[in-house]
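Chain by chain, the residues run as shown.
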Amino acid sequence: GRALSRVGTLVMADVRALERTTFRTSRLLEFCSRKELVAQTGHEPADWPLVVIKELIDNSLDAAEEAGIAPVIKVTVAGGKIRVSDNGPGIPPETIASILDFTTRTSSREAYVAPDRGRQGNAIKCILAMPFVLDGEEGRVDIAACGIRHLIAFKVDRIRQEPVIDHQQEHLAGASVNAGTSVTIHWPATSCLELEAAGQHFLPLLLRVACLNPHVTLGATWWDAERR
């Protein structure tokens, strides 16, 4: 009887030792993959330059309209960079910090629907991760808003072998806090062919945006050819 009791105690000890452990998976690691970005955007990497432009224009339109001002947006693709600037109120620093938290969804328009706008909610997170995914080593995005330039770099942690975010801030001397937002995507040199190929769809995309939003003033520069 005593021997049986001891066996039972050992069995119970073994059962307790096999209790499940909760694991935490990095959402940043998920976003920094081609598969996840294709799933989030619905587009293959060849279309990502146009996805970036469309989503950033949508954000600029929404920001200006919420501030009650007519949107003025400038899109520039030159020197291996995509830049979208607007005259909105500017993205506050705390919002940018929230966007860089890949464990949460940051959006004021998650339930907003319009024929010319998306309803993704994760769009800016996807855009920030795209250069890293395309390059495989590093991706850079700059955001200037509210008198601050945010230098955002996605890099590889060589010890953990996973992506990490380096976020630096610098104050813009003499910059107005109401100078809108300017987002610059540094397109990787390894994907320059995709960026060049997107040129044939650049103006048609902007024309569709202008047709659906007749109140917007939209300026466009592709390489050295400026259109308005």
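Just so we're clear, the structure is a prediction, and the values are computed from it rather than from any experiment. (Residues numbered from 1 in each chain as written. Predicted model: local features only at pLDDT ≥ 70, side-chain atom pairs only at ≥ 80, totals over all residues. Heavy atoms only, no water.)

Caption draft 1: Layout of the overall build of the protein chain. The secondary structure content of the protein chain amounts to 8 helices and 8 strands. At a minimum sequence separation of 6, the contacts of the protein chain that also span at least 24 residues come to 62%. Of the accessible surface of the protein chain, which amounts to about 12,900 Å², a share of 54% is contributed by carbon and sulfur atoms. (Helix = DSSP H or I, 4+ residues; strand = E, 2+ residues; numbered from the N terminus. Contact = heavy atoms within 4.5 Å. Areas by Shrake-Rupley, 256 points an atom, 1.4 Å probe, with all protein chains shown as cover.)

Caption draft 2: Molecular detail of the nonpolar core. Formed by 48 residues in total, the largest nonpolar core has its most connected members in Ile-53, Val-75, Leu-128, Phe-154 and Ile-185. With 9 residues, the single largest contributor to this core is helix α6 (residues 123-135). Among all residues touching Ile-53, those that are not within four sequence positions of it are Val-75, Val-77, Ile-82, Phe-202, Leu-205 and Leu-206. (Core = buried A, V, L, I, M, F, W, Y, C linked by side-chain atoms within 4.5 Å. Buried < 20%, exposed > 50% of the residue type's maximum accessible area, 1.4 Å probe, protein only.)

Caption draft 3: Main features of the packing of helix α4 (residues 48-66) against helix α8 (residues 199-212). Contact pair α4 / α8: the axes reach a minimum separation of 11 Å and the direction vectors enclose 25°. If you check the angle between α4 and α8, you find them roughly parallel. Along this stretch, α4 crosses α8, giving a crossing that reads as right-handed. Contacts between α4 and α8 pair Leu-50, Ile-53, Lys-54, Ile-57 and Leu-61 from the former with His-201, Phe-202, Leu-205, Leu-206 and Val-209 from the latter. Residue classes in the contact of α4 with α8 are distributed as 8 nonpolar, 1 polar and 1 charged. (Axes fitted to C-alpha atoms, helices over the stretch in contact; angles between N-to-C directions. Parallel < 35°, antiparallel > 145°, perpendicular 65-115°, else oblique. Left-handed = near helix turned anticlockwise from the far one by under 90°. Nonpolar A, V, L, I, M, F, W, Y, C, P; charged D, E, K, R; others polar.)

Caption draft 4: Representation of the packing of aromatic side chains in the model. Under the definition given, this model contains 5 aromatic pairs. The interplanar angle of 85° and the centroid separation of 5.9 Å between the aromatic rings of Phe-102 and Phe-154 together place this pair among those described as edge-to-face. Separated by 52 residues along the polypeptide, Phe-102 in the loop between α5 (93-99) and α6 and Phe-154 in strand β4 (residues 148-157) bring together distant segments of the chain. An identical accessibility class is assigned to Phe-102 and Phe-154; each is buried. An aromatic cluster is present here, built from Phe-31, Phe-102, Phe-132 and Phe-154 joined pairwise through their rings. (Phe/Tyr/Trp six-rings, centres within 6.5 Å; stacked < 30°, edge-to-face > 60°.)

Caption draft 5: Spatial organisation of helix α3 (residues 34-41). Those residues of α3 not exposed but buried are Glu-36, Leu-37, Val-38 and Thr-41. The inward-facing, buried residues of α3 abut α2 (27-31), α4 and α6. Directly beyond the C-terminal end of α3, a positive phi value near 80° is found at Gly-42.

Caption draft 6: Region of the structure containing the pattern of salt bridges. Taken as a whole and judged by the stated rule, the model has 3 salt bridges. Here Glu-44 makes a salt bridge to Arg-34, at a shortest N to O gap of 2.3 Å. Of this pair, Glu-44 sits in the loop between α3 and α4 while Arg-34 sits in helix α3; the two residues are 10 residues apart in sequence, bridging distant segments of the chain. Exposure remark for Glu-44: the relative accessible area of 38% places this residue in the partly exposed category. Two residues, Glu-170 and Arg-149, come together in a salt bridge whose shortest N-O distance is 2.8 Å. In this pair, Glu-170 sits in strand β5 (residues 162-171) while Arg-149 sits in strand β4, placing the two residues 21 residues apart along the sequence. Residue classification places Glu-170 among the partly exposed positions, given a relative accessible area of 33%. (Salt bridge = Lys/Arg side-chain N within 4 Å of Asp/Glu carboxyl O.)

Caption draft 7: How the structure looks around unusual backbone geometry. Unusually for a residue other than glycine, Cys-146 sits at a positive phi of about 55°. Position of Cys-146 relative to the elements: it lies in the loop between β3 (138-145) and β4. Taking relative accessible area as the criterion, Cys-146 reaches 21% and is therefore assigned partly exposed.

Caption draft 8: Quick look at the side chain of Ser-182. Take Ser-182: it is sitting in strand β6 (residues 181-186). Only 3.0 Å separates the side chain of Ser-182 from the side chain of Ser-85, close enough to count as a polar contact. Ignoring sequence-local partners within four residues, the contact set of Ser-182 consists of Arg-83, Val-84, Ser-85, Asp-142, Ile-143 and Ala-144. (Polar contact = N/O pair within 3.5 Å; in protein donor to acceptor, adjacent residues only side chain to side chain.)

Caption draft 9: Examining the environment of His-201 more closely. Here His-201 shows up in helix α8. Taking the C-alpha atoms as reference points, His-201 and Leu-50, 151 residues apart in sequence, are found 7.8 Å from one another.

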